[in-house]
Amino acid sequence: MLEIASGLRCPVCQNLSVADSTSEMAREMRALIVDELRAGKRPEEIRAYFVSKYGEWILLSPTPRGVGLVVWILPALGTLAGLGGTAWLLKRWSRRGPAPAPPPDDAVVSRIRAAVDGLSVTLSAGEARQVEALQELRFDYEAGKLSTLDYEDLRALYEARAAAVLAASEGSGEGAEARAPAPSGPPRARPAAAVRAWRWAAAALFLVGFGAAIGYFLPQSVRARDGGSPTGDFLTGTRDQGASVDARDVPALLAAGRQAMEGQQFDRAIGFFRRALEVDPGEPTAQASLGLILLRAGHADRALQAFDRALSSDPTSQQALWGKGLVLHESLGRTAEAVRTWEALLLQDLSPQDREHVLSVVAEARQRLAGRPAPAAGSTR
Amino acid sequence: MAWKRLALIFGVGLPLLAALAYGFTRDPREIPSPLIGRPAPPFKVRLTDGSEVKLADLRGKVVFLNFWASWCPPCRAEARLLEASWQRHRDQDVVFLGVNMQDREEAAREFLREFAISYPNGLDGGNRIAIDYGVWGIPETFFIDRNGRITYKQIGAFDGKTIHAKLEEARQGVISREEGKGEYRSIR
């Protein structure tokens, strides 16, 4: 049942499956599925039935045909595009690391640093701008806005730029000199680039892991628990002893249900009995108890259905026989049938008090049946 | 570089935006019914007066099948209109049939009394009929022609003209391509 229901979309809440939804409609759909399964229908047939009524809309995973195919293909395409894009970007970044052209000459660098330190060096407008940028960078670093690694990295970049400007302004001679590889440059630049690449990779890995963890744990932790609350008693602290009942232990569920019923907590009782029925769909005591609750709530028809279901799996269920008689007699006015039902109940092994009570009720009903005009006569008196 | 960026914007961004914009024009609750033009699912329902009616018994007549509940404001809003339309059409070969769903019997009877509804109304315990008709909002109305085919479906309350026009179409066996829509409530 759950397998079919969890593949169907609840028409009320839209984003929940029929199995997860607590809406009345979903409950009735679940009941319908159980009835159909019991009638010998195959799961595909039941699914097809719902599709014929609500269209493809009702399926949580659309059939891979026509427009539905898009939903199946898009995630794969997206993953491929994402992986491809990441690979391309990583490649570009790793190429950019060592790429920055020939590191500047030590002499040039020291001249730039002197300018940054504020020593009087004659500078053109372009050079002054580069020096200003370097000064700002150092200011940021000293203000703690940059890590040492980033600072060194950026400083190397800015100095290279400044050197290029310097070379351009000072003519070709010094420019050629500046282009000669300096011994101290590359060994310092490369580790920085490598560390950067690793950092990116680690960040990417972390993000992927984080996403996967959220995707896995979140749906688990917010699934609807007993009573339909997504957090259960975790936030409210309203832990009831019922929550400790093992969801598959039918006798314990029945006992808890009976207890809740005695304590007038019908909502909880219904929950226990329904869970018992999910484990054992034919369980007569749970059906009969649900019937009694329904009867008390004034749903005579559904109560009668519940009693009949209970009796179909156990024709001697005392609770169901008693309840069915009550519905027939009190709510539907079919007293003759009620008396017949109670007579079947009297054939069972009843406790003396119960037997006496049933006998008195039957006697009263018979009286009413025999003397139907009597009340009318009484009223004329 | 510039043309690449433009291509990216127009090739990916715009279609994505268009798809999202289209999505916003749709009612996410709407479930298009596959039943229009098909034979109406057969059912048997117990009426409030205790008798039973089968859809098959109404073959040869145009059936106006209205799902409602006493707790639904649009149902209240259209109740008088439905009764008035019934009074207008009752002498013709038209049957109005209300199906009360997701409701308490007492509340349903009170509703019928309040609006002095005179056409037959059934009680759909367990909502099997509603599921059979793929009901997802309330009120929901199906027009069934003489041959038992669904010709039109309206989700939500009616305005005055539609009922008359669609009954006329159902009488001629004309099947509407689109569903009608008024104010509705989601079922529970």
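Below or above, wherever it landed, is the structure these notes cover. This one's a predicted model, so the numbers in the text were calculated from it and none came from an experiment.

**Quick word on the interface of chain A and chain B**
Contacts between the two partners involve 23 residues from chain A and, on the opposite side, 27 residues from chain B. Buried area between chain A and chain B, both sides added, is near 2,000 Å², and the carbon and sulfur share of it is 52%. Three residues, M25(A), K53(A) and Y54(A), lead the burial of chain A against chain B; their summed loss comes to 27% of the area buried on that side. Salt-bridge contacts for R46(B) lead to D301(A); the nearest nitrogen and oxygen are separated by 2.6 Å. Scanning the region where chain A abuts chain B turns up six residue pairs in polar contact (both at pLDDT 80 or more). Broken down by secondary-structure element, the contributors of at least two residues to the side of chain A that touches chain B are helix 2 (24–38), helix 3 (43–54) and helix 13 (300–313) of chain A.

**Thoughts on the pattern of salt bridges**
A full pass over the atoms with the stated rule returns 26 salt bridges over all chains. Within the structure, one salt-bridge network assembled from shared partners comprises D301(A), R46(B), E105(B) and R109(B).

**Focus on the pairing of strand 7 (residues 140–144) of chain B**
Residues and elements named next belong to chain B. Of all five residues in strand 7, five are buried, a share of seventy percent or more. Burial of strand 7 is two-sided: the residues E140, F142 and I144 facing one way and the residues T141 and F143 facing the other way are all buried. Looking at chain direction, strand 7 and strand 8 (residues 150–155) are connected through five bridges and run antiparallel. Directly across from I144, in strand 8, lies its bridge partner I150. Once strand 7 ends, the chain turns through five residues before running back antiparallel as strand 8, passing G148 with a positive phi of about 80°.

**Topic: the sheet that holds strand 9 (residues 180–181) of chain B**
Taking strand neighbours across the sheet as the criterion, the eight strands line up as 2-1-5-4-3-7-8-9 (chain B) in an open arrangement whose pairing is mixed. Looking along the sheet, the strands with just one partner apiece sit at the ends: strand 2 (52–54) and strand 9 of chain B.

**Side note on a nonpolar patch on the surface**
Residue and element names in this part refer to chain A. Among the surface-exposed residues, V67, L69, V70, V71, W72, I73, L74, L77 and L80 lie close enough to one another that they form a single nonpolar patch of about 890 Å² accessible area. Take I73: it is sitting in helix 4 (residues 67–96). The partly exposed category is assigned to I73, whose relative accessible area is 40%.

**Focus: a positive patch on the surface**
A grouping of K91(A), R92(A), R95(A) and K4(B) is seen on the molecular surface, where their side chains present a positively charged patch. No other element matches the three residues that helix 4 of chain A contributes to the positive patch. Relative to the helices and strands, R92(A) is located in helix 4. Residue R92(A) is classed as partly exposed on the basis of its relative accessible area, which comes to 32%.

**What about helix 1 (residues 2–24) of chain B?**
The terminal C-alpha atoms of helix 1 of chain B, which comprises 23 residues, lie 31 Å apart, in line with the 33 Å expected from a rise of 1.5 Å per residue. In the structure, helix 1 of chain B departs most strongly from a straight axis at G13(B), where the bend amounts to approximately 30° and where the proline P15(B) lies between one and four residues downstream.

**Remarks on the packing of aromatic side chains**
Counted according to the given criterion, the structure contains 21 aromatic pairs over all chains. Ring pairing ties together the aromatic residues F64(B), W86(B), F96(B), Y119(B), F143(B), Y152(B) and F158(B), which thus form one cluster. When the ring centre of W57(A) is taken as reference, the NZ or CZ atom of R9(A) above it lies at 4.0 Å. Just above the ring of Y152(B) sits the side chain of K166(B); from NZ or CZ to the centre is 4.4 Å.

**A short note on the packing of helix 11 (residues 266–279) of chain A against helix 12 (residues 284–296) of chain A**
Residues and elements named next belong to chain A. It is the contact of helix 11 with helix 12, at a shortest axis distance of 9 Å, that shows an interaxial angle of 150°. The pairing of helix 11 with helix 12 is recorded here as roughly antiparallel in orientation. Here the hand of the crossing between helix 11 and helix 12 comes out left-handed. Residues F266, A269, I270, F273, R274, A276 and L277 of helix 11 form the contact with helix 12, whose own contacting residues are A286, Q287, S289, L290, I293 and R296. Looking at the contact of helix 11 with helix 12 residue by residue, the classes come out as nine nonpolar, two polar and two charged.

**Quick look at the packing of helix 5 (residues 106–116) of chain A against helix 6 (residues 125–142) of chain A**
Residues and elements named next belong to chain A. Close contact between helix 5 and helix 6 brings their axes to 9 Å; oriented N to C, the two are set at 70°. Judged by the inter-axis angle, helix 5 sits roughly perpendicular to helix 6. The two elements helix 5 and helix 6 cross, and the hand of that crossing is right-handed. Of the residues in helix 6, those touching helix 5 at I112, A115 and V116 are V131, L134, Q135 and R138. When its residues are assigned to classes, the contact of helix 5 with helix 6 shows five nonpolar, one polar and one charged.

**Details of the pairing of strand 4 (residues 94–100) of chain B**
Every other side chain in a regular strand lies on the same face of the sheet, so the side chains alternate between the two faces. Residues and elements named next belong to chain B. For strand 4, the buried fraction is high: seven of the seven residues fall into the buried class. Burial along strand 4 is two-sided: the face carrying V94, F96, G98 and N100 and the face carrying V95, L97 and V99 are both buried. After leaving strand 3 (residues 62–68), the chain enters helix 2 (residues 73–89) and then returns to the sheet as strand 4, a path that is right-handed. One ladder, built from three bridges, connects strand 4 with strand 5 (residues 121–123); its direction is parallel. Its bridge partner lying in strand 5, V99 is registered against G122. Assessed by its sense of winding, the connection that carries the chain from strand 4 through helix 3 (residues 105–114) to strand 5 is right-handed.

The rules behind the values
- Residues numbered from 1 in each chain as written.
- Chains lettered and ligands numbered in written order.
- Predicted model: local features only at pLDDT ≥ 70, side-chain atom pairs only at ≥ 80, totals over all residues.
- Heavy atoms only, no water.
- Contact = heavy atoms within 4.5 Å.
- Buried area = accessible area lost by both parts, 1.4 Å probe.
- Salt bridge = Lys/Arg side-chain N within 4 Å of Asp/Glu carboxyl O.
- Polar contact = N/O pair within 3.5 Å; in protein donor to acceptor, adjacent residues only side chain to side chain.
- Helix = DSSP H or I, 4+ residues; strand = E, 2+ residues; numbered from the N terminus.
- Buried < 20%, exposed > 50% of the residue type's maximum accessible area, 1.4 Å probe, protein only.
- Pairing = 2+ DSSP bridges.
- Patch = residues over 30% accessible without salt bridge, like charges linked within 9 Å, V, L, I, M, F, W, Y side chains within 5 Å.
- Areas by Shrake-Rupley, 256 points an atom, 1.4 Å probe, with all protein chains shown as cover.
- Lys, Arg positive; Asp, Glu negative; His and termini not counted.
- Charge placed at Lys NZ, Arg CZ, Asp CG, Glu CD.
- Expected span 1.5 Å × (residues − 1).
- Bend = angle between axes of the 7 residues up to and from the residue.
- Phe/Tyr/Trp six-rings, centres within 6.5 Å; stacked < 30°, edge-to-face > 60°.
- Lys NZ or Arg CZ within 6 Å of the ring centre and 35° of its normal.
- Axes fitted to C-alpha atoms, helices over the stretch in contact; angles between N-to-C directions.
- Parallel < 35°, antiparallel > 145°, perpendicular 65-115°, else oblique.
- Left-handed = near helix turned anticlockwise from the far one by under 90°.
- Nonpolar A, V, L, I, M, F, W, Y, C, P; charged D, E, K, R; others polar.
- Right-handed = clockwise from strand over helix to strand, strands pointing away.

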